[in-house]
Amino acid sequence: MTDTIVALATPDSQSALGVIRISGKKALEISEKACGNPSPTPRYVHLTKYKSTQNETLDQIIMVYYEKGKSFTSESCLELTCHGNPILIKEILNDLLKRGCRLANPGEFTYRAFTNGKIDLTQAEAIADLIGAKSKQALMLANKNLDGNLTNKIRQIQSQILVQQSNIEAFIDFPEDDLVDEKNRQVITSLRDISSELTGLIEFGKKINVFNRDLKVVLIGPPNVGKSSIFNRIIGMDRSIVNHEAGTTRDFIDYKINLGMVTVRLYDT
């Protein structure tokens, strides 16, 4: 991973601001040649101008430099905040490509953070869950895993397994020990407890998957009994046609609503 990667960190659409992230050995060079700052203060906001390879001012930007070893990816990083015009952002990205950067692959910033030891695999997965969360409950769970809750639990179980492994190896090395039967029972009990903990984690993982997808609720019943009226009342707007004649709802009509910690997609039929 010797190349420098670049990516748009905000949606590719018109907005007030756009954020471009750069990670790799060319970050400082870009700071000097494109942003006119050869020695940026780490983690300090610099108001400057971005100039192209043709020395044309493309935009007035906010630049933040993160030094190697202390950034998200553990590489030298730059974050450029420019105005959110898609044409302008494309101009800056193209200029960065001319300067020797390449477009990052999906998830590559997180991948570099993982391979450089800044985060572990469970935290990398938590970042993806955090971005794709569809409910408040899913956000809370992803944040806990990002903080290392799952990592700490796995490490505890791993330590317990290593203790029992050392006990089993001791039995093999010293079979004449008079306490073998008693220790055997202790090891078996401990391994059963560990197995129970792992099973619990697996079952919990299956349950929380519910919060990462929309729950689908369908209103069904005979024609003209008030399904559309109930649908409109629940969502708080006249989305479905309500008429005294039966059969006015001819297609599925859906609407997403948030109910506390979960998201429900309600269907009128």
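Before going into details, it helps to say that this report is about the structure given with it. (Residues numbered from 1 in each chain as written. Predicted model: local features only at pLDDT ≥ 70, side-chain atom pairs only at ≥ 80, totals over all residues. Heavy atoms only, no water.)

Spatial ordering of the open sheet is given by β7-β9-β8, a layout of 3 strands whose pairing is mixed. Unpaired on one side and paired on the other, β7 (215–219) and β8 (253–259) mark the two borders of the sheet. Direction aside, neighbouring strands of the sheet carry axes that sit 25 degrees apart on average. With 7 bridges connecting them, β8 and strand β9 (residues 262–268) associate as antiparallel partners. For asparagine 258, the partnering residue across the bridge sits in β9 and is threonine 263. Where helix α8 (residues 227–235) meets the sheet, it contacts β7, β8 and β9, and its direction lies at approximately 150 degrees from that of β9. (Pairing = 2+ DSSP bridges. Helix = DSSP H or I, 4+ residues; strand = E, 2+ residues; numbered from the N terminus. Axes fitted to C-alpha atoms, helices over the stretch in contact; angles between N-to-C directions. Contact = heavy atoms within 4.5 Å.)

Right, let's get into the pairing of β9. Working note: regular strand, side chains alternate between the two faces of the sheet. By the criterion of burial, β9 is predominantly enclosed, with 5 of the 7 residues buried. The sheet contact formed by β7 and β9 spans 5 bridges and is parallel. Paired with leucine 219 across the strands is aspartate 268, a residue of β9. (Buried < 20%, exposed > 50% of the residue type's maximum accessible area, 1.4 Å probe, protein only.)

Before going further, it helps to examine the packing of helix α4 (residues 121–132) against helix α5 (residues 136–146). Think of two packed helices as two axes; the pair is described by the angle between the axes and how far apart they sit. As a packed pair, α4 and α5 sit with axes 8 Å apart at the nearest point and diverge in direction by 155 degrees. Considered as vectors, α4 and α5 are oriented roughly antiparallel to each other. Along this stretch, α4 crosses α5, giving a crossing that reads as left-handed. Seen from α4, the contacting residues are Gln123, Ala126, Ile127, Asp129 and Leu130; seen from α5, they are Leu139, Ala142, Asn143, Asn145 and Leu146. In terms of residue class, the contact of α4 with α5 is built from 6 nonpolar, 3 polar and 1 charged. (Parallel < 35°, antiparallel > 145°, perpendicular 65-115°, else oblique. Left-handed = near helix turned anticlockwise from the far one by under 90°. Nonpolar A, V, L, I, M, F, W, Y, C, P; charged D, E, K, R; others polar.)

Assignment of secondary structure puts cysteine 77 in strand β5 (residues 77–83). When the C-alpha atoms of cysteine 77 and isoleucine 5 are compared, they prove to be 9.6 Å apart, with 72 residues separating the residues in sequence. Each residue touching cysteine 77, except ones within four places of it in the same chain, is listed here: Ile22, Ser23, Ala27, Val64, Tyr65, Tyr66 and Ser71.

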